[in-house]
Each structure stands twice: as C-alpha cells, then as structure tokens.
Amino acid sequence: MREALDGFIGSIRIGGRMLSNLRFADDIILIRSSTAELQDLVSRVDLIGRKYNMMINIAKTKVMTPKDKNCTIKIQNIMLEQINRLPVPMVHHIRRHFE
C-alpha cells in the first residue's frame, strides 16, 4: 500500500484527520474525493499488487458512493460493483478508529 501511495497526492479530512485509506486485516478502504483520483489509486494498487503476484479479488471489491452519484471504477477493464452502504463489520471498525 505504501508503494502505491508513493507520490500520490490527495486525501480527505475525516474527524479532523487527513486520510487516503483505512486498513484492517486484509481489507483496505481507499478514500478519494473524485472518480478520477479513485481510479488512479485503484490502478496503482492493482499494478503494485501484480508486481508482487497479488491479485485484487474483483468479486469482493466494491465502490461506495452517495445514493445519488454514479462512479465507474475498473480493474483490468472489469467494472467494480457500486454500493451506497458499508458492510456492518467495516462500519464498526471505522467508528472504533475515530473514538
């Protein structure tokens, strides 16, 4: 992840902290303010992962946006599923992170 973020500029202020990603166990939440930034970062993570023979599980990878927004993000030309809510376990982890 550090290698993918190397030279990448961009983060969002959440709870008074500047964040670009949240990591726990084998999950990563990438946080971006625009579709273009998110696609760039997803592509970087995919490229670096492939460098180390690691593949992103496209079936488990989701793109979360507000209900009224559409966001097309692809990995290896395969569009990722779009959701508008995080799974409950991730919500609990994020809340603990900011307590």
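Calculation criteria
- Residues numbered from 1 in each chain as written.
- Predicted model: local features only at pLDDT ≥ 70, side-chain atom pairs only at ≥ 80, totals over all residues.
- Heavy atoms only, no water.
- Helix = DSSP H or I, 4+ residues; strand = E, 2+ residues; numbered from the N terminus.
- Areas by Shrake-Rupley, 256 points an atom, 1.4 Å probe, with all protein chains shown as cover.
- Salt bridge = Lys/Arg side-chain N within 4 Å of Asp/Glu carboxyl O.
- Buried < 20%, exposed > 50% of the residue type's maximum accessible area, 1.4 Å probe, protein only.
- Core = buried A, V, L, I, M, F, W, Y, C linked by side-chain atoms within 4.5 Å.
- Contact = heavy atoms within 4.5 Å.
- Expected span 1.5 Å × (residues − 1).

Undergrad: Can you help me understand the overall build of the protein chain in this one?
TA: Along the protein chain, the regular secondary structure elements total three helices and eight strands. Secondary structure elements of the protein chain, listed N to C terminal, follow the sequence α-β-β-β-β-α-β-β-β-β-α. Here the protein chain displays about 7,200 Å² of accessible surface, and carbon together with sulfur accounts for 53% of that area.

Undergrad: Would you mind going over the pattern of salt bridges with me for this structure?
TA: Opposite charge on two side chains permits them to pair, given that their charged atoms come into close proximity. Tallied over the entire structure, the rule returns three salt bridges. The closest approach of N and O atoms between Glu81 and Lys62, which form a salt bridge, is 2.9 Å. Taken as a pair, Glu81 in strand E8 (residues 81-83) and Lys62 in strand E5 (residues 62-64) lie far apart in primary sequence, 19 residues in all. For Lys62, a relative accessible area of 36% gives the class partly exposed.

Undergrad: Looking at this structure, I do not really get the nonpolar core. What am I missing?
TA: Among soluble globular proteins, nonpolar side chains are generally buried collectively. One finds Leu38, Val42, Val63, Cys71, Ile73, Ile75 and Leu80 forming the largest nonpolar core, which totals seven residues. Among residues more than four places away in sequence, those in contact with Ile73 are Thr35, Leu38, Gln39, Val42, Val63, Ile78, Met79 and Leu80.

Undergrad: Explanation requested: the environment of Met64 in the structure shown.
TA: Looking at where Met64 falls in the secondary structure, it is placed in strand E5. Since its relative accessible area comes to 44%, Met64 is described here as partly exposed. Ignoring anything within four residues of it in the chain, the contact list for Met64 reads Ile83, Asn84, Arg85 and Leu86.

Undergrad: Would you mind going over the environment of Asp46 with me for this structure?
TA: Among the secondary structure elements, Asp46 is positioned in helix H2 (residues 35-51). Put simply, Asp46 and Gln76 are 30 residues apart on the chain and 8.5 Å apart in space, counted from C-alpha to C-alpha. Sequence-distant contacts of Asp46, that is, excluding residues within four places in its chain, are made with Ile56, Ile75 and Gln76.

Undergrad: Honestly, unusual backbone geometry in this entry has me stumped. Any pointers?
TA: For residues that are not glycine, phi is negative in most cases, and the peptide bond is trans in most cases. The phi torsion at Asn53 lies on the positive side, around 60°, for a residue other than glycine. Within the chain, Gln76 stands out as a residue other than glycine whose phi angle is a positive 50°. On the secondary structure map, Gln76 appears in the loop between strand E6 (74-75) and strand E7 (78-79).

Undergrad: Just checking my understanding: could you explain H2 for this structure?
TA: Compared with an ideal rise of 1.5 Å per residue, which puts 17 residues at 24 Å, H2 spans 24 Å between its outermost C-alpha atoms and is within 8% of the ideal. Of all the residues in H2, the buried ones are Leu38, Leu41, Val42, Val45, Asp46, Ile48 and Gly49. A positive backbone phi angle near 60° is found at Asn53, which sits one or two residues after H2.

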